[in-house]
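An overview of the molecular structure
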Amino acid sequence: MKKALYPILFCLVLSFACKDNEDPATACGVSDPVENIPWLKQLAEESATGGLAEFSYIAQAKYRGKRVFYWGSCCPNCSWALILLDCSGDRVAGEYTFDDLDDQKVIWRPENSQCSF
């Protein structure tokens, strides 16, 4: 009886140890969020044609385990606020700083970008 119990316990332990992780090659279920998430594509297009476009960029990160996006600027004479957006394009509520973000990655910047990362 004990011999039959060990394989069952082993399988149970393994089943609880498994964790669903987001594929690192995807964000919000797509491999190219700027092209495949409509609101993010629109943000990139508007940023590319707006004033000081050469200082604009879009990045993705994880905040409290969830994928988020933010628009940024490397303009040396400009100020901007960190506003996080979720996969639906909704603003993430709360107070946060760059220190609260994990796995930050620039996913878009214009061809004439002046930003160095």
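Above this text is the structure in question.
Residues numbered from 1 in each chain as written. Predicted model: local features only at pLDDT ≥ 70, side-chain atom pairs only at ≥ 80, totals over all residues. Heavy atoms only, no water.

Details of the packing of aromatic side chains
Note the cut-off: When two rings of Phe, Tyr or Trp (its six-membered ring) have centres within 6.5 Å they constitute a pair, described as stacked for plane angles under 30 degrees, edge-to-face for angles over 60, and tilted for the intermediate range. Each helix corresponds to a stretch of at least 4 residues labelled H or I by DSSP, and each strand to a stretch of at least 2 residues labelled E; elements are numbered beginning at the N terminus. Burial classes: relative accessible area under 20% of the type maximum marks a residue as buried, over 50% as exposed, and values in between as partly exposed (1.4 Å probe, protein chains only).
One pass over the full model with this rule turns up 8 aromatic pairs. Centroid distance Y70 to W80: 6.5 Å. Interplanar angle 15 degrees. Geometry classified as stacked. One end of the pair, Y70, is in strand β2 (residues 66–73); the other, W80, is in the loop between β2 and β3 (101–108), with 10 residues separating them in the sequence. For Y70, a relative accessible area of 4% corresponds to the buried category. Overall, the relative accessible area of 27% leaves W80 in the partly exposed class. Members of the aromatic cluster, connected to one another through ring pairs, are Y57, Y70, W71, W80, F98 and F117.

Here's the deal with the pairing of β2
So the rule is basically this: Strand pairing is defined by DSSP finding a minimum of two bridges between the two strands.
Counting buried residues in β2 gives 6 out of 8 residues, a clear majority hidden from the surface. Strand direction decides the pairing type here: strand β1 (residues 56–63) and β2, joined by 8 bridges, are antiparallel. Of the residues in β2, the one forming a bridge with Q60 is F69. A loop of 2 residues connects β1 with β2, the two strands running antiparallel in sequence, and R64 in this loop sits at a positive phi of about 55 degrees.

Thoughts on the nonpolar core
Note the threshold: Among the buried residues, those of types Ala, Val, Leu, Ile, Met, Phe, Trp, Tyr and Cys that are joined through side-chain atoms within 4.5 Å form a nonpolar core. Contacts were defined at the residue level, with two residues in contact if any of their heavy atoms lie within 4.5 Å.
Counting residues in hydrophobic clusters, the biggest one holds 12 residues: Y57, A59, A61, Y63, V68, Y70, L82, L84, V92, Y96, L101 and C115. Breaking this core down by element, the ones donating at least two residues are β1 and β2. Per-element tally for this core: the top contributor is β1, with 4 residues. Setting aside its immediate chain neighbours within four residues, Y57 contacts Y70, W71, G72, S73, C74, W80, V106, W108, R109, C115 and F117. By size, the runner-up hydrophobic cluster in this structure holds 9 residues, among which are V30, I37, A44 and F69.

Concerning the pattern of salt bridges
How we decide: The salt bridge criterion pairs a side-chain nitrogen of Lys or Arg with a carboxyl oxygen of Asp or Glu, the two atoms within 4 Å.
Scanning the entire structure with this criterion turns up 2 salt bridges. Among the salt bridges present, the one from K41 reaches E35, with a minimum N-O distance of 3.5 Å. Judged by its relative accessible area of 31%, K41 is partly exposed. Residue E35 is classed as partly exposed on the basis of its relative accessible area of 46%. For D103, the salt bridge is made with R67, and the minimal N-O distance between the two is 3.5 Å. Within this pair, whereas D103 is found in strand β3, its partner R67 is found in strand β2, the two being separated by 36 residues in sequence. By relative accessible area, R67 is classed as buried at 7%.

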